[in-house]
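Observations on the model geometry
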Amino acid sequence: MSAVPFAFPIRVLPEDIDFMGHVNNARYLNWVQDAVLAHWQKLAPAEEVASKAWVALKHEITYRKPAFIEDDVIASTVLESFKGARAFYSTVIKRGEVVLAEVQSAWCCIDAETLRPARIDDSLRRFFFPAAQ
């Protein structure tokens, strides 16, 4: 059961470009982080956004094609599941219909004050998986 994909537009900046004239591979991971955090901030209740933070546990990325300056890029991220303090996302980065990269990532929710893992309450499920209700 995965949620509806969240589209996150990306602006390719001059500083994203490496010595080969395309977006540096490491920048894709920044885009995934930006997309996942924007997804959380858009859908989670304000009190959850204020009291929680996220840290990446793992990224598995498959690069398909390079991105270039002035490309219109979209990161389509979807929350696949969450369990305890962990959330699992799948993100596809595209230029139009061309897949640039596919990323599977695992994240840990932490309490913003104590910086300790924070369980994701099942009551949040309805915000991220509305069809499951």
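This text gives an overview of the structure that appears in the document. (Residues numbered from 1 in each chain as written. Predicted model: local features only at pLDDT ≥ 70, side-chain atom pairs only at ≥ 80, totals over all residues. Heavy atoms only, no water.)

Considerations on the pairing of strand E4 (residues 86-95)
Filter applied, for reference: Pairing between strands is defined by DSSP: at least two bridges between the two strands are required. Put simply, DSSP marks the helices as runs of H or I at least four residues long and the strands as runs of E at least two long, and each gets a number from the N terminus on.
By the bridge criterion, ten bridges tie strand E3 (residues 72-83) to E4 in an arrangement that is antiparallel. Note that in E4 the partner of Ser81 across the bridge is Phe88. Between E3 and the antiparallel strand that follows it, E4, lie two residues; Gly84 among them carries a positive phi value of about 65°. Here E4 pairs with strand E5 (residues 98-111) via ten bridges, running antiparallel. When the bridges of E5 are listed, Thr91 appears paired with Val103. Linking E4 to E5, which pair antiparallel, is a turn of two residues; within it Gly96 sits at a positive phi near 65°.

Observations regarding helix H1 (residues 25-43)
Quick note on the threshold: The span you would expect from a helix comes to 1.5 Å times its residue count less one. The term polar contact refers here to a pair of N or O atoms within 3.5 Å; inside protein, the definition further demands a hydrogen-donor-capable atom paired with an acceptor-capable atom, and it admits residues adjacent in sequence only when both atoms are side-chain atoms.
Taking 1.5 Å of rise per residue, 19 residues should cover 27 Å, and H1 covers 28 Å from first to last C-alpha, within 8% of that figure. You can read the cap of H1 off the contacts: a side-chain oxygen lies 2.8 Å from the backbone nitrogen of Ala26, and it is on Asn24.

A few points about the sheet that holds strand E2 (residues 52-63)
In a beta sheet, neighbouring strands are held together by backbone hydrogen bonds and run either parallel or antiparallel to one another. Our working definition: Each axis is a line fitted through C-alpha atoms, and for a helix only the stretch in contact is used; angles between axes span 0 to 180 degrees, taken between their N-to-C directions. Here, two residues are considered to be in contact whenever any of their heavy atoms come within 4.5 Å of each other.
Strands sit in the order E1-E3-E4-E5-E2 across an open sheet of five strands; the sheet is antiparallel. Edge positions in the open sheet fall to strand E1 (6-11) and E2, since each of these has one partner strand only. Going across the sheet, the axis of each strand differs from the next one's by a mean of 25°, ignoring polarity. H1 rests against E1, E2, E3, E4 and E5 of the sheet, and its axis sits at about 135° to E2.

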